[in-house]
Each structure stands twice: as C-alpha cells, then as structure tokens.
Amino acid sequence: VGLQRVMISSLMFIWLRFTLPQFASYLSSFQTDPSQIPLILITFAGMVVVFWELGFRLATLPVIAGVLEKWGRHLTVVVYILLGGYILWDNGTIHQLLRWLWT
C-alpha cells in the first residue's frame, strides 16, 4: 500500500501541475472579484484531495479492488465511451450531425 500511495501521490501532483493552469484560465473567464480567487483555488485543491482520498480508499477495499483488478481495463473503456456519448448528446452534437446527414 505504501508504494501505491507514493505512485498515486506522484500522479496527483502531475495531474495538478497540468490542471491548475487550465483551471486558472477557466476561472479568469468569470467576472470574479480578484480577492476571491485564493479562496476558490484553496477550495478546488481541497476538493481534489478529498476526492482523491475517497477514490483511493474505495479502490483499496478488497471487493472493489478485486473487481478493478479483473475488469478495470474493460470498465474504463465502457465509462469513457458512455461519458463521451453523454457529452455529445448533451451538447447537441449528435442532433446536429444527424441534421447535416439528412438534409
């Protein structure tokens, strides 16, 4: 578990390294009082830590760890496909493509 925690911590650091600049540019698109930005960033970082810890604890439960070990690769593909499909549907992209094809 110690090595897993170090690996996950390293991955989290890499993820934050590339995510925070994107988050900052996203944040600048709002009409936000500049004095509120540190509070927003602290809240964001705190929630990342909370969800990371929750995910780590869930993934190390024996039942869930067994399922992830056996089916994790396939589950990841299914989740990505379903999530991508939902995003395309929710944004109206599928509807627009169908309109272009049948007009």
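Here the residue numbers are simple positions, counted from 1 along each chain's written sequence. For a predicted model such as this one, the threshold for reporting local features is a pLDDT of at least 70, and the threshold for listing and counting side-chain atom pairs is 80 or more; totals across whole chains, interfaces and linings nevertheless cover every residue. The basis for every side-chain value is the complete set of non-hydrogen atoms in the structure, without hydrogens or water.

Colleague: Hey, could you run me through the confidence of the model for the chain in this one?
Modeller: When pLDDT is low, close inspection of the predicted coordinates is not appropriate. When pLDDT is averaged along the chain, the result is 83, and 92% of the positions lie at 70 or above. By mean pLDDT, helix α1 (residues 2–27) is the weakest element of the chain at 73, and helix α3 (residues 62–90) is the strongest at 91. pLDDT: the predictor's confidence for each residue, scored from 0 to 100. Note on conventions: DSSP H or I runs of at least 4 residues are helices, E runs of at least 2 residues are strands, and numbering of each starts at the N terminus.

Colleague: Where do I start with α3 in this structure?
Modeller: An α-helical turn contains 3.6 residues, so a residue and the one three or four places further along point in the same direction. Look at α3: only 36 Å from first C-alpha to last across 29 residues, short of the 42 Å you get at 1.5 Å a residue. The reported bend at a residue is simply the angle between two axes, fitted to the 7 residues ending at it and to the 7 residues beginning with it. Residue Trp 71 marks the point of greatest curvature in α3, where the axis turns by about 75°. To estimate the expected span of a helix, count its residues, drop one, and scale the result by 1.5 Å.

Colleague: It is not clear to me how the nonpolar core should be interpreted in this structure. Could you clarify?
Modeller: Nonpolar side chains tend toward joint burial in soluble globular proteins. In this description, a nonpolar core means a group of buried Ala, Val, Leu, Ile, Met, Phe, Trp, Tyr and Cys residues linked to one another through side-chain atoms lying within 4.5 Å. Only protein chains enter the area calculation, which uses a 1.4 Å probe; residues under 20% of their type maximum are buried, those over 50% are exposed, and those in between are partly exposed. In this structure, Met 12, Leu 16, Phe 44, Val 48 and Trp 52 together form the largest nonpolar core, which totals five residues. Those elements that place two or more of their residues in this core are α1 and α2 (37–59). No other element matches α2, which puts three residues into this core.

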